[in-house]
Amino acid sequence: MHWILLSLIVLAFVLIVAEDFVHINKAKSSLFLGTLVWLLAFIFPEPGTDAASIQTQLNENLLDIATLWLFLMAAMTFVAYLNQQGLITQMVYRILPARIGQRQLMLLMAMLALAFSSLADNITASLIMLSLLSSLKLKTETVLKFAALLVFAVNSGGVSLITGDVTTLMIFLAGKVEISNLFLLIPAAILGVIVLLLTMLGGTSGELDIPHFRRPVAGRDKVIALLFVLTIGSTLFMSVYFSVPPVLSFLFGLSVMFLMYQFLNRNTPSSQSVLEYIREIEFDTLLFFLGVLLLVGMLKELSVLEHLPALYQVMPVYAANYVVGLLSALVDNVPLTAAILKSGIDMDRADWMGLTYAAGVGGSLLIIGSAAGVIAMSKIEALSFATYLRFLPRLLLAYSVGYVAVLAIANSML
């Protein structure tokens, strides 16, 4: 049974990587196989274990999963509301000038992608920026450059805040880094994006007109947007000064948002119930994380993760973390990060920061390595695995520079 369970877990990870080729949604396959391995563990317990011990193991994993799941649900509900009201899109179009040079536009869009993915999530940031890119009349080669830059910028932006990237949140919740440590990742993330931008400027010139689709923004939507920003800020503040778990702060902010929405719409009986916006969030993403963490939890119980530190025994920690980032271009960064956290590898604060950057940004190296890349491939017709692969040397350079910058900053500041 040990080898059967292990084979099912390997199959699950293969299906995740090959999602675009087998046409099976990774949320469905990971949830199916993640629950199946635990069912089999109960039905066919290994020698020396019983149902009670397996239940204890499952409860420990479910506690970690619930904490992450609830935090994501709260954050994504805020984003779903603001996105459906068009407030985020309106903000982007109002920031951009009516006419701008292509090089300046490339820089501005990269910085916007980086900022949006920090405050919201990679999926929303990718959709907004790629929709803007699709509305511009650019040559195919230029579109491909923009797309590669946006994918890298989106993934880079998420690593510095717990609201931006799940792996960052996971490492933070495990107590490996503090909020103040994560802020030190911001200059390194920006540097990596700038390096990639500089390699993309060749052959890019001229100016273009930016289409503007302005419409009035309702006052209540501005209030909800302000509440979202305050929730993020208070989550960071409460965590640093009072050690309040981020999930509790965000759930409180969500409850305030529900009450505020009802108050603001008290004279509009026909208005949509605020609870309806929960249905707008990307449940595929939430179910995928649930399935993956169940799989990784079973890997831990099968003692497979005890072999993971071997990578850290044959090379220095900083080199092993760098390789983990490369692996995240092929294997989803969530199971990789979860596996390292559960394996008990000993690292200092600077190396945990390096892993945070590597796991979050390394997936940019291949188009299938991140949600941002998969979305880009579906939105940009000319973008494929092969066309994106042409940018691999530049992406690898930018990733390497950013990673070295993280270690340099962390070792000098901590």
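Everything numeric in this text was worked out from a predicted model, so none of it was measured.

**Here's the deal with the overall build of the protein chain**
If you tally the helices and strands in the protein chain, you get 21 helices and 2 strands. Radius of gyration (C-alpha) of the protein chain: 22 Å, near the 22 Å computed for a compact globule of 414 residues. Expressed as lengths along the three principal axes of its C-alpha atoms, the size of the protein chain is roughly 70 × 55 × 45 Å. Considering the protein chain as a whole, with its 414 residues, one finds that 54% of them fall into the buried category. Considering only contacts in the protein chain between residues 6 or more positions apart, those separated by 24 or more positions represent 81%. Just so you have it, the protein chain exposes about 18000 Å², and 66% of that area is on carbon and sulfur atoms. When the 21 positive and 24 negative side-chain charges of the protein chain are each reduced to one mean point, those points stand 15 Å apart.

**What about the packing of helix H4 (residues 51-84) against helix H13 (residues 246-264)?**
One way to put it is that H4 packs onto H13 with a least axis distance of 9 Å and a crossing angle of 35 degrees. Where H4 crosses over H13, the two elements pack in a sense that is left-handed. Each of Thr-67, Leu-70, Phe-71, Met-73, Ala-74, Ala-75, Thr-77, Phe-78 and Tyr-81 in H4 lies in contact with H13, whose residues at this interface are Pro-246, Val-247, Phe-250, Leu-251, Gly-253, Leu-254, Met-257, Phe-258 and Tyr-261. Taken together, the residues that form the contact of H4 with H13 break down as 15 nonpolar, 3 polar and no charged.

**Brief notes about the pattern of salt bridges**
Applying the stated criterion across every chain, the model contains 1 salt bridge. Notably, a salt bridge pairs Glu-141 with Arg-390, separated by 2.8 Å at the nearest N-O pair. Note that Glu-141 is positioned in helix H8 (residues 140-157) and Arg-390 in the loop between helix H20 (385-389) and helix H21 (392-413), a separation of 249 residues in sequence. Glu-141 gets classed as partly exposed once you look at its relative accessible area, which sits at 37%.

**Describing the packing of aromatic side chains**
For the coordinates displayed, the defined rule picks out 11 aromatic pairs. Here Phe-71 and Phe-250 contribute two aromatic rings whose centre-to-centre distance is 4.9 Å and whose plane-to-plane angle is 55 degrees, an arrangement assigned as tilted. Of the two residues, Phe-71 is situated in helix H4 and Phe-250 in helix H13; the sequence distance between them amounts to 179 residues. Exposure remark for Phe-71: the relative accessible area of 2% places this residue in the buried category. On the basis of relative accessible area, Phe-250 is assigned to the buried category, the value being 0%. Each residue in the set Phe-71, Phe-78, Phe-228 and Phe-250 is aromatic and connected to the rest through ring pairs, giving one cluster. Stacked on the ring of Phe-263, the Lys or Arg Arg-266 has its end atom at 4.1 Å from the ring centre.

**Side note on the nonpolar core**
Ranked by internal contacts, the top residues of the largest apolar core, which has 146 residues, are Leu-105, Met-109, Met-129, Leu-133 and Phe-152. In terms of residue count, the dominant contributor to this core is H4 (14 residues). If we ignore the near neighbours within four places in the chain, the residues touching Phe-152 are Gly-192, Val-193, Leu-196, Tyr-357, Val-361, Ser-364, Leu-395, Ala-398 and Tyr-399.

**Examining the packing of helix H6 (residues 102-119) against H8**
Two elements in contact, H6 and H8, have axes separated by 7 Å at closest approach and are oriented at 30 degrees. The orientation of H6 with respect to H8, classified from their angle, is roughly parallel. H8 is crossed by H6, and the crossing has right-handed handedness. In this structure, H6 uses Gln-102, Leu-105, Met-106, Met-109, Ala-110, Ala-113, Leu-114, Ser-117 and Ser-118 to contact H8, whose residues at the interface are Thr-142, Lys-145, Phe-146, Leu-149, Leu-150, Ala-153, Val-154 and Gly-157. Within the contact of H6 with H8, the residues separate by chemical class into 11 nonpolar, 5 polar and 1 charged.

**Looking at the side chain of Ser-30**
Topologically, Ser-30 is positioned in helix H3 (residues 26-43). Reaching out from Ser-30, the side chain makes a polar contact with the backbone oxygen of Ala-27 at a distance of 3.3 Å.

**Thoughts on the side chain of Gln-102**
On the secondary structure map, Gln-102 appears in helix H6. With a relative accessible area of 13%, Gln-102 lands in the buried category. Other than its neighbours up to four places away in sequence, Gln-102 contacts Leu-138, Thr-142, Phe-146, Thr-204, Ser-205, Gly-206, Glu-207 and Leu-208.

**A word on the environment of Leu-236**
Residue position: Leu-236 is located in helix H12 (residues 219-242). Filtering out sequence-adjacent residues up to four positions away, Leu-236 remains in contact with Leu-161, Ile-162, Ile-179 and Phe-183.

**A closer look at helix H7 (residues 122-135)**
Note on helix geometry: an α-helix contains 3.6 residues per turn, so any two residues three or four positions apart are oriented the same way. With 14 residues, H7 should reach 20 Å at 1.5 Å per residue; the first-to-last C-alpha distance of 20 Å fits that figure. Within H7, 10 of the 14 residues are buried, leaving the element largely enclosed by the surrounding structure. For H7, the complete set of buried residues consists of Asn-122, Ile-123, Thr-124, Ala-125, Ser-126, Ile-128, Met-129, Leu-130, Leu-132 and Leu-133.

Rules used in this analysis
- Residues numbered from 1 in each chain as written.
- Predicted model: local features only at pLDDT ≥ 70, side-chain atom pairs only at ≥ 80, totals over all residues.
- Heavy atoms only, no water.
- Helix = DSSP H or I, 4+ residues; strand = E, 2+ residues; numbered from the N terminus.
- Rg over C-alpha atoms; globule rule 2.2 N^0.38 Å.
- Buried < 20%, exposed > 50% of the residue type's maximum accessible area, 1.4 Å probe, protein only.
- Contact = heavy atoms within 4.5 Å.
- Areas by Shrake-Rupley, 256 points an atom, 1.4 Å probe, with all protein chains shown as cover.
- Lys, Arg positive; Asp, Glu negative; His and termini not counted.
- Charge placed at Lys NZ, Arg CZ, Asp CG, Glu CD.
- Axes fitted to C-alpha atoms, helices over the stretch in contact; angles between N-to-C directions.
- Left-handed = near helix turned anticlockwise from the far one by under 90°.
- Nonpolar A, V, L, I, M, F, W, Y, C, P; charged D, E, K, R; others polar.
- Salt bridge = Lys/Arg side-chain N within 4 Å of Asp/Glu carboxyl O.
- Phe/Tyr/Trp six-rings, centres within 6.5 Å; stacked < 30°, edge-to-face > 60°.
- Lys NZ or Arg CZ within 6 Å of the ring centre and 35° of its normal.
- Core = buried A, V, L, I, M, F, W, Y, C linked by side-chain atoms within 4.5 Å.
- Parallel < 35°, antiparallel > 145°, perpendicular 65-115°, else oblique.
- Polar contact = N/O pair within 3.5 Å; in protein donor to acceptor, adjacent residues only side chain to side chain.
- Expected span 1.5 Å × (residues − 1).

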